[in-house]
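Take a look at the letters that make up each chain.
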Amino acid sequence: NQMTDPYSLTPFPNAILFNWATIFVLGFGNLAALDFQARCMAAKTPKIATIGCIIAGFLTFLVGIPFSYLGAITRVLYGPDSSFAVFEPDTCSEILLLPTCAMWVPDADAFIKVLTHNMPSFLGGWCLIGIVAASMSTADGAILAMGTVLSNNLLRHVKFSFITKDTLILAARLSMIPFAVAAAAIATTKPGETGTFLIVAFDVTLASVVVPLFGCFYTKIPRPAAALFSILSGAITRIIMQFELSKDGSLLPPYGGAEFLDYGPAASAKVPPFIDDADPWDPSTEPCDQSRFSDYSGADSLASAAVSLVVFVLIQFLEREKSLDDSWLVSWSWMRPCVIEADGDDKHNGAMTDDDNFADNAVIVSPSDVGVE
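A short tour of the structure in this document, coming up.

What counts and what doesn't
- Residues numbered from 1 in each chain as written.
- Predicted model: local features only at pLDDT ≥ 70, side-chain atom pairs only at ≥ 80, totals over all residues.
- Heavy atoms only, no water.
- Helix = DSSP H or I, 4+ residues; strand = E, 2+ residues; numbered from the N terminus.
- 1 Å grid on protein atoms, 1.4 Å probe; cavity = no way out; pocket = protein on both sides within 12 Å on 5 of 7 lines; lining within 4 Å.
- Points joined across faces, edges and corners; volume = space filled by probe spheres on them.
- Nonpolar A, V, L, I, M, F, W, Y, C, P; charged D, E, K, R; others polar.
- Disulfide = S-S within 2.5 Å.
- Buried < 20%, exposed > 50% of the residue type's maximum accessible area, 1.4 Å probe, protein only.
- Salt bridge = Lys/Arg side-chain N within 4 Å of Asp/Glu carboxyl O.
- Polar contact = N/O pair within 3.5 Å; in protein donor to acceptor, adjacent residues only side chain to side chain.
- Contact = heavy atoms within 4.5 Å.
- Expected span 1.5 Å × (residues − 1).
- Bend = angle between axes of the 7 residues up to and from the residue.
- Core = buried A, V, L, I, M, F, W, Y, C linked by side-chain atoms within 4.5 Å.

1. Let's talk about unusual backbone geometry
A cis amide bond links Thr10 to the next residue, Pro11, at an omega of 15 degrees. Positionally, Pro11 belongs in the segment before α1 (16–29). Not every positive phi belongs to a glycine, and Leu97 is a case in point at roughly 60 degrees. Along the chain, Leu97 falls in the loop between β1 (86–93) and β2 (98–105). Phi at Leu251 is positive, roughly 65 degrees, even though this residue is not glycine. When you line up the elements, Leu251 lands in the loop between α9 (224–244) and β3 (264–265).

Okay, here's the thing in structure tokens:
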């Protein structure tokens, strides 16, 4: 089983750790994506938001499953058994019993070649358009969400803020400029690895804010200190492990066994031992000098999320006997939680409202004023 056994593809390695980490990161890291949350918050009622998410999930399967087959098709058309394959000569592999062989070099542009040379022009063109559209929608949605949060949730509430109700939209638009510049600058560092940046983006959210987000909804009294230190510990752990863990680019951890050895330089001019010859290659006397793969990509993602969870649970446990007003750091004004209530008869009651002016009519009160302990 390729999802449970790292040796299931023997004599070739299986990147099982990275595959599972990617599924986990994209599945749970997405939950804290501001652009996705904004779509739910824009719904008129929670029921509409739920129905929209379910429909979007089915549409994802409808589009994603056919696209997943393109990887297998690309492998067939441009893989090691195709007429387009390129090999690096004078290499060896002990598990393949080859003292000298040619290592297959994957074509980085194989997928684009499939869309532009092997598929009908109409289908290939629409696939390319879909990829560009998906990239653009993800980028501009994230930039818009961050600009909105910066202007409305942060800058609007600082002392001596120049942002008012009438200038909020302009402030949100201006706030997007630095995020757009930063995104463009980051993208230019590795223009051919947009998929990697997407995983890293959700990796960061998983390591830092996903645990506090769940804690806000599933703990009786979420503590501000637990959320803050959970975010900081997860983010710091992720940054440290990004630079300290071994990453050779193979996406393969150093499991034991010959499957996880890279190709080495040619070991002998003799014939392989599986060929009937008087003097075949003997690996014990002429060893193939292979280095072991060493790439812990994926471990840093899962470990950072685990650290964030442990810190959040620990602080929640240590503060279990305290009221909310006595919690750590609550004395700081910017750490004090607030309950938002609407003026008049229009009460929010934890659900969405159809009143477009709800935010403008809201009154922010302290926890002690409404009896929260």
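2. Observations regarding the layout of surface pockets
Approximately 210 Å³ is the volume attributed to the second largest pocket. Around the second largest pocket, the lining residues are Phe24, Phe28, Leu206, Val210, Val211, Phe214, Gly215, Leu302, Ala305, Ala306, Leu309 and Phe312. Among the elements of the structure, α1, α8 (210–218) and α10 (299–318) are those that each provide at least two residues to the lining of the second largest pocket. With 5 residues, the single largest contributor to the lining of the second largest pocket is α10. Across the lining of the second largest pocket, the residue classes tally to 11 nonpolar, 1 polar and no charged.

3. Quick look at the state of the cysteines
As used in these notes, a disulfide is a covalent bond between sulfur atoms, one from each of two cysteines. By the definition in use, this model includes 1 disulfide. Cys92 shares a disulfide with Cys288; S-S distance 1.8 Å. Handedness of the Cys92-Cys288 disulfide follows from its S-S torsion of about 90 degrees: it is right-handed. With Cys92 in strand β1 and Cys288 in the loop between β3 and α10, this residue pair connects regions lying 196 residues apart in the sequence. Both residues of the pair, Cys92 and Cys288, belong to the buried class. Cysteine Cys40 remains unbridged, with the sulfur of Cys53 as its closest cysteine sulfur at 3.6 Å. Overall, Cys53 belongs to the partly exposed group, its relative accessible area being 44%.

4. What about the pattern of salt bridges?
Across all of its chains, the model carries 7 salt bridges by this definition. When the shortest N-O distance is used, the salt bridge between Arg238 and Asp203 registers 2.8 Å. With Arg238 in helix α9 and Asp203 in helix α7 (residues 194–208), the pair connects residues that are 35 residues apart, well separated along the chain. Asp203 sits in the buried class, given a relative accessible area of 3%. Judged by its relative accessible area of 10%, Arg238 is buried. What emerges from the salt-bridge pattern is a single network uniting Asp203, Arg238, Lys247 and Asp300.

5. Topic: the environment of Thr22
In this fold, Thr22 is placed in helix α1. The spacing of Thr22 and Phe202 is 180 residues in sequence and 9.6 Å in space, taken between C-alpha atoms. At 2.8 Å, the side chain of Thr22 forms a polar contact with the backbone oxygen of Phe18.

6. Remarks on the environment of Gln316
Assignment of secondary structure puts Gln316 in helix α10. Each C-alpha atom of the pair Gln316 and Ala226 lies 6.1 Å from the other, and the pair is 90 residues apart in sequence. In this structure, Gln316 is in contact with Thr219, Ile221, Pro222, Arg223 and Ala226, ignoring residues within four places of it in sequence.

7. With respect to helix α3 (residues 46–78)
With 33 residues, α3 should cover 48 Å at 1.5 Å per step; its first-to-last C-alpha distance of 47 Å lies within 8% of that length. By the largest-angle criterion, Gly64 marks the main kink of α3, which is about 25 degrees, and a proline, Pro66, follows within four residues. All of the buried residues along α3 are Ala49, Leu70, Thr74 and Tyr78. Buried-residue contacts for α3 involve α2 (34–41), β2 and α4 (110–118).

8. Description of the nonpolar core
Taken as a class, soluble globular proteins show a tendency for nonpolar side chains to be buried jointly. Grouped together as the largest cluster of nonpolar side chains are 8 residues: Val211, Ala225, Ala226, Val311, Phe312, Ile315, Leu329 and Met335. The set of elements that each furnish at least two residues to this core consists of α9 and α10. If we skip the residues at most four places from it in the chain, Ala226 touches Phe312, Ile315 and Gln316.

9. A closer look at the side chain of Thr237
Within the secondary structure, Thr237 sits in helix α9. The exposure class of Thr237 is buried, given its relative accessible area of 18%. A polar side-chain atom of Thr237 sits 2.7 Å from the main-chain carbonyl oxygen of Ser233. Apart from residues no more than four positions distant in its own chain, Thr237 is found in contact with Ser304 and Val307.

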